[in-house]
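Commentary on secondary and tertiary structure
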Amino acid sequence: HCEAIDQAVADWPKENEKENRLQVGLALFAAGLVDRKCLASEADSEAAFSTTPSALYYLAKSFVHSDESEVSDSYLEHVCENDANSASCALSEIVSAWSNEEWEDLDSRFDAMKNPDIISSVWAIRHFMKRGEPERAYGWMKKISPNKPLGTFLQVQRVKALWLMNRYSEAKMGALQA
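These numbers were taken from a predicted model, which means no experiment stands behind them.

Criteria and cut-off values
Residues numbered from 1 in each chain as written. Predicted model: local features only at pLDDT ≥ 70, side-chain atom pairs only at ≥ 80, totals over all residues. Heavy atoms only, no water. Helix = DSSP H or I, 4+ residues; strand = E, 2+ residues; numbered from the N terminus. Expected span 1.5 Å × (residues − 1). Buried < 20%, exposed > 50% of the residue type's maximum accessible area, 1.4 Å probe, protein only. Contact = heavy atoms within 4.5 Å. Phe/Tyr/Trp six-rings, centres within 6.5 Å; stacked < 30°, edge-to-face > 60°.

**Let's talk about helix 6 (residues 87-99)**
The end-to-end C-alpha distance of helix 6, which contains 13 residues, comes to 18 Å, matching closely the 18 Å that a straight helix rising 1.5 Å per residue would cover. Where helix 6 is concerned, the buried positions are Ser88, Cys89, Leu91, Ser92, Ile94, Val95, Ala97 and Trp98. On its buried face, helix 6 sits against helix 4 (55-64), helix 5 (69-79), helix 7 (103-112) and helix 8 (118-130). At the exit of helix 6 stands Glu101, carrying a positive phi of roughly 55°.

**What about the packing of aromatic side chains?**
All chains considered together, the criterion is met by 10 aromatic pairs. Look at Tyr57 and Tyr75: their rings are 6.5 Å apart centre to centre, the planes differ by 85°, and that puts the pair in the edge-to-face class. Of this pair, Tyr57 sits in helix 4 while Tyr75 sits in helix 5, and the two are 18 residues apart along the sequence. Arranged with centres 5.7 Å apart and planes meeting at 70°, the rings of Phe110 and Trp140 form a pair that is edge-to-face. Taken together, the positions of Phe110 in helix 7 and Trp140 in helix 9 (residues 134-144) put the pair 30 residues apart, joining distant regions of the chain.

This is the structure we're talking about:
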């Protein structure tokens, strides 16, 4: 159990999606707002209370072991087993494309998403900022804002995107609010 997740779950936007602790943990981890240890404790906690591990569990464990590629890949292989059409499966494919630096593939995967979850949206923001496409990243930010638990991440990325889009006065205002 991770304390940072407790507060984030309490503040998570209720209308977007059911606030599963592991979903919240994965979104915060992708945004760099919680560490591996926190994500691991949430995954282990879910496993302790579940008869069969969920796709989210396998996804979280793959992130927890991201510095051990064989272990991480073995968890990723299980993500799509139960539901190849799940958001978790789509996200595992995004993670694989990211680690293989298949940037054009990622572009098309993000473009094809009809109703992306918050975790995928965080990855899209990171992807488009990394690729130097602040307009596209900004569009993804607008999809998941406001989100208090992700506020720090979103604010920093928003300021960077606005600056790169030559919207300097808005960027400066955002930086002052950060």
